[in-house]
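# Observations on the three-dimensional arrangement
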Amino acid sequence: MRPARALIDLEALRHNYRLARGLGGGRALAVVKADAYGHGAVRCALALQDEADGFAVACIEEALALREAGIRAPILLLEGFFDAAELPLILQHDLWTVVHAGWQVEALERTPLPKPLQVWLKLDSGMHRVGLDPADYRDAWQRLRALPHVGDLVKMSHFARADETGCARTDEQLATFAAATAGLAGDTSLCNSPALLGWPQARADWARPGLMLYGVSPFAQPNDKSAQLRPVMTLESKIIAVRELPAGEPVGYGARFVTDAPTRIGVVAIGYADGYPQFAVNGTRVAIDGKPGRLVGRVSMDMLTVDLTDHPRAGIGSGVELWGKQVPAAEVVAHSQTSSYRLLCAVKRVPLQYTG
């Protein structure tokens, strides 16, 4: 069997959720969209079901997979419904839905339902992706409140630059949200992971932690809160071949790395088709048999190469950690022309193995 695998530490996941919930000071929906950022949505939700206040997913398909697995906690559809025909199904499975557009308000007005639907009404406070314009928000809130088949409304928005702790944009969005929702009753939800970790003034009734649940800091430089996160995924494989090369020899596609001295090269059974970044640069850190090592050469589809010169005992069968408890995922990101979100979600073709 190919030795590449991703180890998922469910106790670390629970620790990170507790940290997020504690920082928020209220309730927290664990965001498990995109198959829990590549960690396996069902297994992660089952691990959190005894303590999570609820879950958040992108769409109804993801929500139904959790319901089929026995998850009974609240599940919020972050993108809402795509057609009014979904509303009875949403109600049937006790789902909550975001409403972010005028047409969705109109659809709810035209579609009587047998019991109240929980709605999170989203304001575009400045990200300009989805959400109601501030000029239209109060009217939409009042129209939904007038419907007998709409339950309590949660006021929500989403930050565009909360991972930039010195950026004024988050405070501007907070001011826009405060003005648009002034005097409107109901709970509030604003914080994604970077807002929870870096913007205490944004914390409210409901938090929506995503990336931080999986133990990855959203910041270029960790702060005292993000430093408490525990990595959940460890991506690892083994060395399957060793080459002894003299000085002046190229390694891999494009001769991106050329030996400058006699060098031992280890070939590792993992590549960009498995989710490791194709454009990770020479010197990107790995761990070889638990000791610091480095990537050399261009990453191939199924293999990559590491420098074994300073690892005389390493050879065929030696373990290599690509990221996880010894190599922070954020460090790989910094050397790979990618993002933490894409890094985790790209993991595929390798089996997930769970502990904790």
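Below is a summary of the structure that appears in this document. Along each chain, the written sequence defines residue order, and numbers are assigned to residues from 1. Only residues with pLDDT of 70 or above have their local features reported here, since the model is predicted, and side-chain atom pairs are shown and tallied only from 80 upward, although totals for entire chains, interfaces and linings are computed over all residues. Side-chain numbers here rest on the full set of heavy atoms in the structure, without hydrogens or water.

## Brief notes about helix 4 (residues 60-68)
Here is the rule: With a 1.4 Å probe rolled over the protein chains alone, any residue whose accessible area is under 20% of its type maximum counts as buried; one over 50% counts as exposed, and the rest are partly exposed. Secondary structure counts use DSSP, requiring at least four H or I residues in a row for a helix and at least two E residues in a row for a strand, with both numbered from the N terminus. Here the arc refers to the set of directions running from the helix axis out to each C-beta atom. Contacts were defined at the residue level, with two residues in contact if any of their heavy atoms lie within 4.5 Å.
All of the buried residues along helix 4 are Ile60, Ala63, Leu64, Leu66 and Arg67. Summarising the axial view, the buried residues of helix 4 lie within an arc of 160 degrees, below the 170-degree limit, and thus occupy one face. Facing away from the buried side of helix 4, by more than 90 degrees, are the exposed residues Glu61 and Glu68. The inward-facing, buried residues of helix 4 contact helix 3 (41-48), strand 3 (54-57), strand 4 (75-77) and helix 5 (87-92). Among the residues trailing helix 4, glycine 70 stands out with phi positive, at a value near 100 degrees.

## Digging into the environment of leucine 211
By the element assignment, leucine 211 lies in the loop between strand 9 (206-207) and strand 10 (233-245). On the accessibility criterion, leucine 211 (1% relative accessible area) is buried. As for leucine 211 and alanine 175, which are separated by 36 residues in sequence, their C-alpha atoms are 25 Å apart. If sequence neighbours within four positions are ignored, leucine 211 has contacts with Tyr37, Ser193, Val216, Ser217, Pro218, Ser340, Tyr341 and Leu344.

## Quick notes on the pattern of salt bridges
For the record, the criterion: Salt bridge, as used here, is a side-chain nitrogen of Lys or Arg placed within 4 Å of a carboxyl oxygen of Asp or Glu.
According to the stated counting rule, one finds 19 salt bridges in the structure shown. Linking arginine 264 and glutamate 244 is a salt bridge whose minimum nitrogen-to-oxygen distance equals 3.2 Å. With a gap of 20 residues between them, arginine 264 in strand 13 (residues 263-268) and glutamate 244 in strand 10 connect regions that are remote in the sequence. Using a relative accessible area of 59% as the deciding quantity, one classes glutamate 244 as exposed. Salt bridges sharing partners connect three or more residues here, namely Arg2, Asp274, Asp302 and Arg349.

## Looking at the environment of glycine 24
Tracing the sequence through the fold places glycine 24 in helix 1 (residues 10-24). Along the chain, glycine 24 and cysteine 191 lie 167 residues apart, while their C-alpha atoms are 7.9 Å from each other. Once residues lying within four places of it in the same chain are set aside, the contact partners of glycine 24 are Leu196, Arg203 and Ala204.

## Observations regarding the packing of helix 7 (residues 134-145) against helix 8 (residues 169-181)
Operational definition: Lines are fitted to the C-alpha atoms to define the axes, a helix being fitted only along its stretch in contact, and any angle between axes, read from their N-to-C directions, falls within 0 to 180 degrees. To sort the angles, those under 35 degrees are grouped as roughly parallel, those over 145 as roughly antiparallel, those from 65 to 115 as roughly perpendicular, and the leftovers as oblique. A clockwise turn of the near helix away from the far one marks a right-handed crossing, whereas an anticlockwise turn of less than a right angle marks a left-handed crossing.
Packing of helix 7 against helix 8 brings their axes to within 9 Å, and their N-to-C directions diverge by 40 degrees. Viewed along their axes, helix 7 and helix 8 adopt a mutual orientation that is oblique. Read as a crossing pair, helix 7 and helix 8 show a hand that is right-handed. From helix 7, Pro134, Tyr137 and Arg138 reach across to helix 8, where they touch Thr176, Ala179, Ala180 and Thr181.

## Remarks on the packing of aromatic side chains
Spelled out, the test is: Pairing of aromatic side chains here covers Phe, Tyr and the six-membered ring of Trp, requires ring centres within 6.5 Å, and sorts the geometry by plane angle: under 30 degrees stacked, over 60 edge-to-face, intermediate tilted. A positively charged side chain is recorded as over a ring if its NZ (Lys) or CZ (Arg) lies within 6 Å of the ring centre. The angle to the ring normal must also be within 35 degrees.
For the structure on display, the rule yields 7 aromatic pairs. A centroid spacing of 6.2 Å and a plane angle of 20 degrees characterise the contact between tyrosine 276 and tryptophan 323, whose relative ring orientation is stacked. In this pair, tyrosine 276 is assigned in the loop between strand 13 and strand 14 (285-288) and tryptophan 323 in strand 17 (residues 319-323), connecting sequence segments 47 residues apart. An identical accessibility class is assigned to tyrosine 276 and tryptophan 323; each is buried. Through a chain of ring-to-ring contacts, three or more aromatic side chains come together here, namely Tyr37, Tyr214 and Tyr341. Sitting over the face of the ring of tyrosine 354, arginine 43 holds its NZ or CZ atom 4.2 Å from the ring centroid.

## A short note on the environment of arginine 264
For clarity, the threshold we go by: Identification of polar contacts relies on pairs of N or O atoms within 3.5 Å, with a donor-acceptor requirement for protein atoms, meaning one able to donate a hydrogen and the other able to accept it, and with residues adjacent in sequence counted only if both atoms are side-chain atoms.
Arginine 264 sits in the buried class, given a relative accessible area of 17%. For arginine 264 and arginine 243, which are 21 residues apart along the polypeptide, the C-alpha to C-alpha distance reads 5.7 Å. At 3.0 Å, the side chain of arginine 264 forms a polar contact with the backbone oxygen of histidine 311.

## Description of the pairing of strand 5 (residues 96-99)
Successive residues of a regular strand alternate their side chains across the two faces of the sheet. The condition that has to hold: Strand pairing requires that DSSP identify at least two bridges connecting the strands. We call a crossover right-handed when, viewed with both strands directed away from the observer, the connection leading from the first strand over the helix to the second proceeds clockwise.
Here strand 5 shows no split at all, with Trp96 and Val98 on one side and Thr97 and Val99 on the other all buried. Sheet analysis places strand 4 next to strand 5, joined by 2 bridges and oriented parallel. Each bridged residue has a counterpart across the sheet, and for leucine 77 the counterpart in strand 5 is threonine 97. Handedness of the strand 4-helix 5-strand 5 crossover: right-handed. In the sheet, strand 5 pairs with strand 6 (residues 117-122) via 3 bridges, with the strands oriented parallel. In the sheet register, valine 98 faces strand 6, and the bridge partner there is tryptophan 120. A crossover connection joins strand 5 to the parallel strand 6 through helix 6 (residues 102-110); in handedness this β-α-β unit is right-handed.

## Looking at the side chain of histidine 15
Its place among the elements puts histidine 15 in helix 1. A polar contact is formed between the side chain of histidine 15 and the backbone oxygen of glutamine 228, at a distance of 2.8 Å. What histidine 15 contacts, discounting residues up to four positions off in sequence, is Gln228 and Arg230.

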